[in-house]
Amino acid sequence: MKKGLILLIVVGLSLGLMVGCNKKSKENEDQYKVEIIEDNTKASGIAMTVKRAKVTNNIRAEEAKKITEYLDEVINNYITDYQDSVTSYDEEEDMGDYEFDYQYSLLNETDNYLIFKLTTLWQAGGPYLSDGTEYYMFDKETG
């Protein structure tokens with residue numbers, strides 16, 4: 001009876017060690033990580049709230065970099081358009097009616113895709129603001 005119990009324990013421990021040794025370390029996993037970085041800045045004297053997405057992956061670094069650069073390019077184009085819309089900026093003028101708010105968030109991650117949501121709020125001194133939502137989907141294998 002004791003020999004059977006000891007044998008059972010030895011077999012259990014051996015299997016546990018074999019399974020544990022075959023596990024991949026987290027550093028080698030093909031896993032995307034998304035960090036939302038607050039990048040508040042001023043353009044033409046107007047405070048801007050910007051939250052950018054930074055995508056990283058230990059295995060697919062080029063693909064992650066491509067996704068980050070694309071998302072940054074979208075926001076940078078919006079910032080340029082916003083600056084161009086402010087034609088009569090005066091340092092002394094109160095710019096309280098001007099607002100720029102662009103924020104990315106990771107909406108969903110599937111086995112094959114990363115899906116980002118970009119919410120926008122844009123007001124250039126008029127009585128009406130412009131807001132919207134855009135979605136961007138990226139293939140994990142190709143970026």
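Residues numbered from 1 in each chain as written. Predicted model: local features only at pLDDT ≥ 70, side-chain atom pairs only at ≥ 80, totals over all residues. Heavy atoms only, no water.

Caption draft 1: The overall build of the chain, seen in detail. Counting its regular elements, the chain contains two helices and six strands. Listing every helix and strand of the chain by position from the N terminus yields α-β-β-β-α-β-β-β. The buried share of the chain, reckoned over its 143 residues, is 25%. In the chain, the proportion of contacts linking residues at least 24 apart, taken out of those at least 6 apart, comes to 52%. For the chain, the accessible area works out to roughly 10000 Å², and carbon and sulfur atoms hold 50% of it. (Helix = DSSP H or I, 4+ residues; strand = E, 2+ residues; numbered from the N terminus. Buried < 20%, exposed > 50% of the residue type's maximum accessible area, 1.4 Å probe, protein only. Contact = heavy atoms within 4.5 Å. Areas by Shrake-Rupley, 256 points an atom, 1.4 Å probe, with all protein chains shown as cover.)

Caption draft 2: Structural context of the nonpolar core. Core analysis: the largest hydrophobic core is formed by 22 residues, its most contacted members being Ile 67, Leu 71, Tyr 104, Phe 116 and Tyr 136. Elements that contribute at least two residues to this core include exactly strand E3 (46-57), helix H2 (61-85), strand E4 (98-109), strand E5 (113-124) and strand E6 (130-139). Among the elements that make up this core, the one with the highest residue count is H2 (seven residues). Sequence-distant contacts of Tyr 104, defined by excluding residues within four places in its chain, comprise Ile 36, Lys 51, Arg 52, Ala 53, Leu 71, Val 74, Ile 75, Phe 116, Lys 117, Leu 118 and Tyr 136. (Core = buried A, V, L, I, M, F, W, Y, C linked by side-chain atoms within 4.5 Å.)

Caption draft 3: Just the environment of Lys 54, in detail. By the element assignment, Lys 54 lies in strand E3. A residue is classified by how much of its surface remains accessible, and Lys 54, at 40% relative accessible area, is partly exposed. When the C-alpha positions of Lys 54 and Thr 68 are compared, they lie 5.5 Å apart, and in sequence the two are 14 residues distant. The residues touching Lys 54, leaving out its near neighbours within four places in the chain, are Lys 33, Val 34, Glu 35, Ile 37 and Thr 68.

Caption draft 4: Local environment of the packing of aromatic side chains. Throughout the structure, instances matching the rule amount to six aromatic pairs. Here the aromatic rings of Tyr 70 and Phe 138 are separated by 5.8 Å at their centres, their planes lie at 75°, and the arrangement is edge-to-face. In this pair, Tyr 70 sits in helix H2 while Phe 138 sits in strand E6, placing the two residues 68 residues apart along the sequence. Since its relative accessible area comes to 7%, Phe 138 is described here as buried. Centre to centre, the rings of Phe 116 and Phe 138 are 6.0 Å apart; their planes meet at 75°, and the pair counts as edge-to-face. Of this pair, Phe 116 sits in strand E5 while Phe 138 is found in strand E6, placing the two residues 22 residues apart along the sequence. (Phe/Tyr/Trp six-rings, centres within 6.5 Å; stacked < 30°, edge-to-face > 60°.)

Caption draft 5: Representation of the pattern of salt bridges within the structure. All chains considered together, the criterion is met by four salt bridges. Across the salt bridge formed by Arg 52 and Asp 72, the nearest N and O atoms sit 3.2 Å from each other. On the criterion of sequence distance, the pair formed by Arg 52 in strand E3 and Asp 72 in helix H2 is long-range, its members being 20 residues apart. The partner of Glu 109 in a salt bridge is Lys 140, and the shortest N-O contact between them spans 2.7 Å. Highlighted residues: Glu 109 in strand E4 and Lys 140 in the segment after E6, separated in sequence by 31 residues. Glu 109 gets classed as partly exposed once you look at its relative accessible area, which sits at 38%. When salt bridges that share partners are traced, they join Asp 39, Arg 52 and Asp 72 into one network. (Salt bridge = Lys/Arg side-chain N within 4 Å of Asp/Glu carboxyl O.)

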